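Here are the chains, one letter per residue:
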Number of protein chains: 2
Amino acid sequence: MTVPPGRRERKKAATRQKIADAALRLFLERGYEAVGIRDVAAEADVAVTTLFSHFASKEALVFEQDQDFEQRLTQAVTGRAPQEPLLPALRREIQALVRHCTADGAAPIWHMIDTSPTLREYEESMRLRHAESLAVAIAADPVLSLTTTACRTIARFVIDAYALAREAADPEAAVDEIFLMIEAAWEVASPSRRT
Amino acid sequence: MTVPPGRRERKKAATRQKIADAALRLFLERGYEAVGIRDVAAEADVAVTTLFSHFASKEALVFEQDQDFEQRLTQAVTGRAPQEPLLPALRREIQALVRHCTADGAAPIWHMIDTSPTLREYEESMRLRHAESLAVAIAADPVLSLTTTACRTIARFVIDAYALAREAADPEAAVDEIFLMIEAAWEVASPSRRT
DNA sequence: ACCGTAACACTAACGGTTAGGGTTTAAAAA
DNA sequence: TTTTTAAACCCTAACCGTTAGTGTTACGGT
């Protein structure tokens, strides 16, 4: 699966990283809106077109590892221990992700995001994609047999939990509070009763 | 409260409507992406800057009556009969809104929205604003006493219901299905138990 | 050694959006 | 009524994210 990457792929990854680093540095120094794409490209010493071949948009420069987020969520569903119920696994993962993004080192980045309408909007539409992926993962689970609507609903609720917790005064408590509500919703949607 | 509007405000409203009409006509004729802002302005016979003084963005031209939507939601909360429980009132309103936007006449518009990533993204971020307003309305209700997080969670869930139902095969059934789940979540969050 | 192609560069443009600065006219103040 | 204010509108020019078009280099498979 993981063959040793050739020089080409290493160079490509290096370029991508160079761009991401330059972008983050400039954004934190001067503010997101005050930095133009051409500035970032110049700082990273690449052409503007090259930048856009690595990142789909200016906002994507900030959410560089958004695929990690998505994968961790779907992994939490597909890779959980056999017989393990769905929601505790998801709750654990969301809890970890919230902790991760409210850690001290990440504070400046999230402050930048929170004060930029553009970035907040982008983040939300990103979460929506994540919710869709999560819904697919849930729907694919043979143990559960839910309607499509129920899968998508639960997936949205879980993403909501993340979004709301991130902004709450006490993020970890918020995750617990919201997941209590999701568990209740789940019980209604899930046809499998064990009693 | 409603003083007879002066000539000025009437003219302004007329201009706004003229722009919205021109935009919708062109969008439906040639497709959203194929029509430029300059085209719309020319068709409505106004300057581009005038267009942008009435609408904040190109996408906003499509969701012209988005404030109606927001108001109907908050009205459903603040203007419901005394003693009437919250969720049935909200369910009724969402049901009506879903019916409204899946009506036959509206089909071309929603098809346009559904086939344009830009418009879908915009719609979602609009819904998010609606969820915030709804959360505030719920939090302001003296009969209910919920945590801030619970208010925002319920508000998000309700907006999710709308968004998911709009895309479901049977929208009205989807609203019912999702509201069953929300009711369950609500029971957990609401401290007021009546037996 | 050779070819296909992935990665990158450069220029120029497109399209949404805004700044700057001016004219008209409804409406409020004198 | 007359005067003043300011809202609504116009025009031009630009800004900035993004993309198309067109080459050039150099890695990797044959």
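For chain A, the name recorded in an unreviewed UniProt entry is TetR family transcriptional regulator, with Streptomyces antioxidans as its organism.

Asks: Hey, could you go over the overall build of chain A for me, with residue numbers and the actual values?
Replies: When you go through chain A residue by residue, the secondary structure sums to nine helices and zero strands. Seen through its C-alpha atoms, chain A measures out along the principal axes to roughly 65 × 45 × 25 Å. Residues counted as buried form 48% of the 195 residues belonging to chain A. Restricting the contact set of chain A to residue pairs at least 6 apart, pairs at least 24 apart contribute 67%. Counting only carbon and sulfur atoms, one obtains 53% of the accessible surface of chain A, whose full area is about 10,400 Å².

Asks: For the domain arrangement of chain A, give the residues involved together with the corresponding values.
Replies: All names here are of chain A. Per the domain assignment, the segments making up chain A are domain 1 (7–55) and domain 2 (66–189). Look at where the C-alpha atoms of domain 1 and domain 2 centre, and you get two points 29 Å apart. Facing five residues of domain 1, the contacting portion of domain 2 comprises seven residues. For the interface between domain 1 and domain 2, the tally reads zero salt bridges. Across the domain 1-domain 2 interface, the total number found is zero residue pairs in polar contact (both at pLDDT 80 or more). Looking at the side of domain 1 that touches domain 2 residue by residue, the classes come out as four nonpolar, no polar and one charged.

Asks: Quick rundown of the protein's contact with DNA strand D? Include the residues and the values.
Replies: Around DNA strand D there are 23 residues in total, and A:Lys58, B:Thr15, B:Ala47, B:Thr50 and B:His54 lie nearest to it. Interatomic distance of 2.9 Å between a side-chain N/O atom of B:Arg8 and a base nitrogen of DNA strand D. At a separation of 2.6 Å, a phosphate oxygen of DNA strand D approaches a polar side-chain atom of B:His54. Looking at the surface near DNA strand D, the elements with two or more residues in it are α1 (7–30), α2 (37–44) and α3 (48–54) of chain A together with α1 (7–30) and α3 (48–54) of chain B. Classifying every residue of the surface near DNA strand D by side-chain character gives six nonpolar, eight polar and nine charged.

Asks: Summarise helix α8 (residues 148–167) of chain A; cite the residues concerned and give the values.
Replies: Spanning 20 residues, α8(A) covers 29 Å between terminal C-alpha atoms, matching the ideal 28 Å at 1.5 Å per step. Summarising burial for α8(A): 18 of the 20 residues are buried, a large majority.

Asks: An account of the interface of chain A and chain B is needed here, citing residue identities and associated values.
Replies: At the interface, 27 residues of chain A touch 27 residues of chain B. Carbon and sulfur atoms supply 65% of the area that chain A and chain B bury against each other, a total of about 2,500 Å² over both sides. Broken down residue by residue, the surface that chain A buries against chain B is led by A:Arg156, A:Leu164 and A:Met181, which jointly contribute 26%. Where chain A touches chain B, the interface holds six salt bridges. As a salt-bridge pair, B:Glu167 and A:Arg152 come within 2.8 Å of each other at their nearest N and O atoms. Residue assignment for the side of chain A that touches chain B shows that the elements contributing at least two residues are α7 (117–140), α8 and α9 (171–189) of chain A. Sorting elements by how many residues they give to the side of chain A that touches chain B places α8(A) first, with eleven residues. Taken together, the residues of the side of chain A that touches chain B break down into 16 nonpolar, four polar and seven charged.

Asks: Explain the UniProt feature "domain: HTH tetR-type" (unreviewed entry) in chain A residue by residue, including any values.
Replies: Those residues carrying the UniProt feature "domain: HTH tetR-type" (unreviewed entry) are residues 13–73 of chain A in this numbering. The span residues 13–73 of chain A carries 67% helix and 0% strand; its end-to-end C-alpha distance comes to 24 Å.

Asks: Mind laying out the pattern of salt bridges, listing which residues take part and the relevant values?
Replies: For the structure on display, the rule yields 32 salt bridges over all chains. A salt bridge links B:Asp114 to B:Arg120, with the nearest nitrogen and oxygen atoms 3.7 Å apart. Residue class for B:Asp114 comes out partly exposed when judged on its relative accessible area of 34%. Through salt bridges with shared partners, a single ionic network connects A:Asp114, A:Arg120, A:Glu123, A:Arg127, A:Arg166, A:Glu167, B:Glu132 and B:Arg152.

Asks: Before we move on, can you summarise the protein's contact with DNA strand C with the specific residues and values?
Replies: Contacts to DNA strand C come from 23 residues, most closely from A:Thr15, A:Ala47, A:Thr50, A:His54 and B:Lys58. Counting only atoms of DNA strand C within 4 Å of the protein, the fraction found in sugar and phosphate groups is 62%. At 3.1 Å from a phosphate oxygen of DNA strand C is found a main-chain nitrogen or oxygen belonging to B:Arg7. B:Lys58 is positioned with one of its backbone polar atoms (N or O) 2.8 Å from a phosphate oxygen of DNA strand C. Residue assignment for the surface near DNA strand C shows that the elements contributing at least two residues are α1 and α3 of chain A together with α1, α2 (37–44) and α3 of chain B.

Asks: Could you give an account of empty space enclosed by the protein, naming the residues involved and the relevant values?
Replies: What the rule picks out here adds up to two cavities of 30 Å³ or more. Lining the largest cavity are 18 residues, with A:Glu124, A:Leu128, B:Glu124, B:Leu128 and B:Arg156 positioned closest to its centre. Those elements that provide at least two residues to the lining of the largest cavity are α7 and α8 of chain A together with α7 (117–140) and α8 (148–167) of chain B. Partitioned by chemical class, the residues of the lining of the largest cavity number six nonpolar, two polar and ten charged. Surrounding the second largest cavity, A:Arg120, A:Glu123, A:Glu124, A:Arg127, A:Ala163, A:Arg166 and A:Glu167 form its lining. Of all the elements in the fold, those that place two or more residues in the lining of the second largest cavity are α7 and α8 of chain A.

Asks: Go over the relation of the copies chain A and chain B, please, and point to the residues and values.
Replies: Note: a rotation about an axis with an accompanying shift along it relates these two copies of the chain. Aligned on chain B, chain A shows an RMSD of 0.1 Å; the corresponding rotation is 179° and the shift along the axis is 0.0 Å. Viewed as a symmetry operation, the transformation between the two copies matches a two-fold axis. In this assembly, 100% of the residues forming the interface of chain A have copies in chain B that are likewise at the interface, indicating an isologous arrangement.

The rules behind each value
Residues numbered from 1 in each chain as written. Chains lettered and ligands numbered in written order. Predicted model: local features only at pLDDT ≥ 70, side-chain atom pairs only at ≥ 80, totals over all residues. Heavy atoms only, no water. Helix = DSSP H or I, 4+ residues; strand = E, 2+ residues; numbered from the N terminus. Buried < 20%, exposed > 50% of the residue type's maximum accessible area, 1.4 Å probe, protein only. Contact = heavy atoms within 4.5 Å. Areas by Shrake-Rupley, 256 points an atom, 1.4 Å probe, with all protein chains shown as cover. Domains from an automatic or database assignment. Salt bridge = Lys/Arg side-chain N within 4 Å of Asp/Glu carboxyl O. Polar contact = N/O pair within 3.5 Å; in protein donor to acceptor, adjacent residues only side chain to side chain. Nonpolar A, V, L, I, M, F, W, Y, C, P; charged D, E, K, R; others polar. Near = heavy atom within 4 Å. Expected span 1.5 Å × (residues − 1). Buried area = accessible area lost by both parts, 1.4 Å probe. UniProt positions renumbered as here; feature names shortened; annotations may be inferred. 1 Å grid on protein atoms, 1.4 Å probe; cavity = no way out; pocket = protein on both sides within 12 Å on 5 of 7 lines; lining within 4 Å. Points joined across faces, edges and corners; volume = space filled by probe spheres on them. Least-squares fit on C-alpha atoms with pLDDT ≥ 70 in both.

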